[in-house]
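# Per-entry structural report
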Amino acid sequence: MKADLCRAFCDDITVTNVPAGLAVGTAFRRDDGDRISFYILQADDGRYRLEDDGATIPLLEGAGVDFETETRRRALDSLLAGVDAYFDSEEATIKTNPFPVYEVATRALNFVSVMIRMNDFLLLTQEKVISTFREDAAQAIRLGVGDHAQIREGEAVNARLSEVKPDMIVEAKDRPPVAIFFGNSPGRVHDAIFLHQTAAYEVKQDISVIALLEQDNSVPIELRRRATNRLTTVPVFRQDEDAAVARIVREALGSR
């Protein structure tokens, strides 16, 4: 087993001589599909240092990670300090401070582990985008409904339909309740379909179920087709917020 593990971690490593030193390609890949690579370079004092390939930070920034914010920059500096490294903003490169040659192997492993962890910044940004959609959509719906109906959030429609909880429920007088799911993931759209099926065929309760998507491509096209054919409506929020909210309000309040 040890031999198999060694092959798995080591066979795909490439080491290439370049004018400045050694270029090392690892078995690990970034989200763009390219290998995580770095350079082993000799410093002016005869010691050695490591540099990334110059793509790590630019790729994250291109995906929406803002390292100009104080919190994000402090987190980056703290992460790099753990391997005695820093970000050279002029060259857009992550570099370590010089170290003795006998530390190269250990330093290289630690450096690669940090390069892998850099993707955590992207995950946090994606979570923030999802959170922003939820907040923007919920606020727009509250404003659209106003005091014409009661709004409940994060609750089950009722005890008989308690297996899944919509993000919002709008209940107007003499109207069926409207259950709204923020469809920022396939799971939430599946939840909406499940609630509709349960209400229609098991509980026999009249409710409207809406999956509000953030973008046209928020879920796979096959799932969107299923939702469109089963749910009351599947509006898209971004770039047409007013119309999407108006469609929800019309379903909840009628033509008043």
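It should be noted that the structure appears before, not after, this text.
Below or above, wherever it landed, is the structure these notes cover. (Residues numbered from 1 in each chain as written. Predicted model: local features only at pLDDT ≥ 70, side-chain atom pairs only at ≥ 80, totals over all residues. Heavy atoms only, no water.)

Where strand β3 (residues 35-42) and strand β4 (residues 48-52) come together, five bridges link them in antiparallel fashion. Within the sheet, the bridge partner assigned to Ile 40 lies in β4 and is Leu 50. (Pairing = 2+ DSSP bridges. Helix = DSSP H or I, 4+ residues; strand = E, 2+ residues; numbered from the N terminus.)

Relative to the 18 Å expected for 13 residues at 1.5 Å per residue, helix α8 (residues 241-253) spans 18 Å between its end C-alpha atoms, a close match to the ideal helical length. Within α8, burial applies to Ala 244, Val 245, Ile 248, Val 249, Glu 251, Ala 252 and Leu 253. Residue Gly 254 follows α8 closely and has a positive phi angle near 85°. (Expected span 1.5 Å × (residues − 1). Buried < 20%, exposed > 50% of the residue type's maximum accessible area, 1.4 Å probe, protein only.)

In this fold, Thr 96 is placed in strand β6 (residues 93-96). Within polar-contact distance, the side chain of Thr 96 engages the backbone nitrogen of Leu 50 at 2.9 Å. Contacts of Thr 96, omitting those with residues within four sequence positions, involve Arg 49, Leu 50, Val 83, Asp 84, Ala 85, Tyr 86 and Phe 111. (Polar contact = N/O pair within 3.5 Å; in protein donor to acceptor, adjacent residues only side chain to side chain. Contact = heavy atoms within 4.5 Å.)

Across a sheet, strands are paired by hydrogen bonds formed along the backbone, either parallel or antiparallel in direction. Read from one edge of the open sheet, four strands run β7-β8-β9-β10, paired in mixed fashion. In this open sheet, the two edge strands, each paired with only one partner strand, are β7 (150-153) and β10 (208-213). Across the sheet, the mean angle from the axis of one strand to that of its neighbour is 20°, orientation sign disregarded. Two elements, strand β9 (residues 178-183) and β10, share six bridges in a ladder whose sense is parallel. Bridging from a neighbouring strand, Ala 179 pairs with Val 209 of β10. Strands β9 and β10 of the sheet are contacted by helix α6 (residues 186-203), whose axis makes an angle of about 160° with β9. (Axes fitted to C-alpha atoms, helices over the stretch in contact; angles between N-to-C directions.)

Attention now moves to the pattern of salt bridges. For side chains bearing opposite charge, pairing can occur when the charged atoms are close. Across all of its chains, the model carries 17 salt bridges by this definition. Its salt-bridge partner being Glu 153, residue Arg 142 comes within 2.9 Å of it at the nearest N-O pair. Of this pair, Arg 142 sits in helix α5 (residues 119-145) while Glu 153 sits in strand β7; the two residues are 11 residues apart in sequence, bridging distant segments of the chain. For Arg 142, a relative accessible area of 33% corresponds to the partly exposed category. Taking the shortest distance from any N to any O, the salt bridge between Glu 155 and Arg 152 comes out at 2.9 Å. When its relative accessible area of 37% is taken as the criterion, Glu 155 is described as partly exposed. On the basis of relative accessible area, Arg 152 is assigned to the buried category, the value being 14%. Linked by salt bridges that have partners in common, Arg 134, Asp 167, Arg 188 and Asp 191 make up one network. (Salt bridge = Lys/Arg side-chain N within 4 Å of Asp/Glu carboxyl O.)

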